[in-house]
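Fold and contact review
Listed here are the chains, written in short residue letters.
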Amino acid sequence: MLDSQKLQFLIDEIYSKIVEEVTLANRTSPDELNKVLDKYGFTEKKQFYQYCNIRSSKIIVFGRIEIKQNILDAIAKDLGIHPERIDYISYDDTTNYDISNLEYSNKYSDILVGPVPHKAKNMGDYSSMIESIEANSECFPPLIRVTDETGTLRISKTSFKTALSKTQLFKELNAAD
């Protein structure tokens, strides 16, 4: 039996080794990451795991926005998210946005979607961009629908704040505090 000091040293070494292994697997490919998750008994987490780099990940927001940019920025700041960490794709620009750019993205931790057109580039045979991303959730950052209290896609002050508070980036930033 190890004394507490030796046990702590061993735990620290194991932790460092596992962090190194998971980081390398994540950089290599989603399949490699899934193998490592399987190895450590996180099979059920595979399809829900998404990468979020607290230092550089951003949130991407698609859709028609009903409020001014400075208000969106203030809401993000209130939640501890720097406004420069949010990219906005307007309703009209969504049609020309190639959603395959979001597959296995390390740039974005989350996708927020408000009112958007049904079509976007490279969405496959799906009837909408949202359906395409949700059907292939293991390939994309988590998608969060920005909805009002009735469940209608709508980007308002309240719905935006609620959606931002559900993002991985928000959770990671608040866990770091």
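Residues numbered from 1 in each chain as written. Predicted model: local features only at pLDDT ≥ 70, side-chain atom pairs only at ≥ 80, totals over all residues. Heavy atoms only, no water.

A word on the pairing of strand β1 (residues 58-62)
In terms of burial, β1 is largely enclosed, as five of its five residues are buried. Bridge analysis of β1 against strand β3 (residues 108-113) gives five bridges, and the strand direction is parallel. Its bridge partner lying in β3, I60 is registered against I111. Summarising the sheet, β1 and strand β2 (residues 86-89) pair through four bridges and their orientation is parallel. (Buried < 20%, exposed > 50% of the residue type's maximum accessible area, 1.4 Å probe, protein only. Helix = DSSP H or I, 4+ residues; strand = E, 2+ residues; numbered from the N terminus. Pairing = 2+ DSSP bridges.)

Focus: the sheet that holds β3
The sheet built from four strands is open, its strands ordered β2-β1-β3-β4 with parallel pairing. Edge positions in the open sheet fall to β2 and β4 (143-145), since each of these has one partner strand only. Across the sheet, the mean angle from the axis of one strand to that of its neighbour is 20 degrees, orientation sign disregarded. (Axes fitted to C-alpha atoms, helices over the stretch in contact; angles between N-to-C directions.)

Points about the nonpolar core
By size, the foremost hydrophobic cluster in this structure holds 20 residues, and its most contacted members are I59, V61, I81, I86, L112, F160 and L164. Within the residue set of this core, elements represented by two or more residues are β1, α3 (69-78), α6 (157-164) and α7 (168-176). Setting aside residues up to four positions removed in sequence, I81 forms contacts with I59, A76, I86, L164, T167, L169, F170 and L173. Counting residues in hydrophobic clusters, the runner-up holds 18 residues, among them I60, F62, Y108 and A120. (Core = buried A, V, L, I, M, F, W, Y, C linked by side-chain atoms within 4.5 Å. Contact = heavy atoms within 4.5 Å.)

So, the confidence of the model for the chain
When pLDDT is averaged along the chain, the result is 87, and 92% of the positions lie at 70 or above. Model confidence for the chain, summarised as mean pLDDT per element, is weakest for helix α2 (residues 30-39) at 79 and strongest for β2 at 97. (pLDDT = per-residue confidence, 0-100.)

Notes on a nonpolar patch on the surface
Together, L2, L7, L10, I11 and I14 give the surface a local cluster of nonpolar side chains, amounting to about 410 Å² of exposed area. Its location among the elements puts L10 in helix α1 (residues 4-28). (Patch = residues over 30% accessible without salt bridge, like charges linked within 9 Å, V, L, I, M, F, W, Y side chains within 5 Å. Areas by Shrake-Rupley, 256 points an atom, 1.4 Å probe, with all protein chains shown as cover. Salt bridge = Lys/Arg side-chain N within 4 Å of Asp/Glu carboxyl O.)

Considerations on unusual backbone geometry
In terms of backbone geometry, most residues other than glycine have negative phi values and most peptide bonds are trans. In this structure, Y104 takes a positive phi of about 50 degrees despite not being glycine. In this structure, N122 takes a positive phi of about 60 degrees despite not being glycine. Summarising the element assignment, N122 is placed in the loop between β3 and α5 (129-135).

Regarding the side chain of S128
Residue position: S128 is located in the loop between β3 and α5. Apart from the residues within four sequence positions on either side, S128 is in contact with H118 and M123.

Comments concerning the pattern of salt bridges
Counted under the stated rule, the structure contains four salt bridges. Residues E66 and R154 are paired through a salt bridge, measuring 2.8 Å at the closest nitrogen-oxygen approach. Residue E66 is found in the loop between β1 and α3, and its partner R154 is found in the loop between β4 and α6; the two are separated by 88 residues along the sequence. In this structure, E134 and R145 form a salt bridge, with 2.9 Å as the shortest nitrogen-oxygen distance. Here E134 is found in helix α5, whereas its partner R145 is found in strand β4, with eleven residues between them in sequence.

Comments concerning the packing of aromatic side chains
Two descriptors summarise a pair of aromatic rings, namely the distance from one centre to the other and the angle between the planes of the rings. Going through the model one piece at a time under the given rule, you end up with two aromatic pairs. When the centroid spacing of 5.1 Å and the interplanar angle of 80 degrees are considered together, the rings of F62 and Y97 count as edge-to-face. In this pair, F62 sits in strand β1 while Y97 sits in the loop between α4 (91-94) and β3, placing the two residues 35 residues apart along the sequence. You can call F62 buried: its relative accessible area is 0%. Between R64 and the ring centre of Y91, over which it is positioned, the NZ or CZ distance is 4.2 Å. (Phe/Tyr/Trp six-rings, centres within 6.5 Å; stacked < 30°, edge-to-face > 60°. Lys NZ or Arg CZ within 6 Å of the ring centre and 35° of its normal.)

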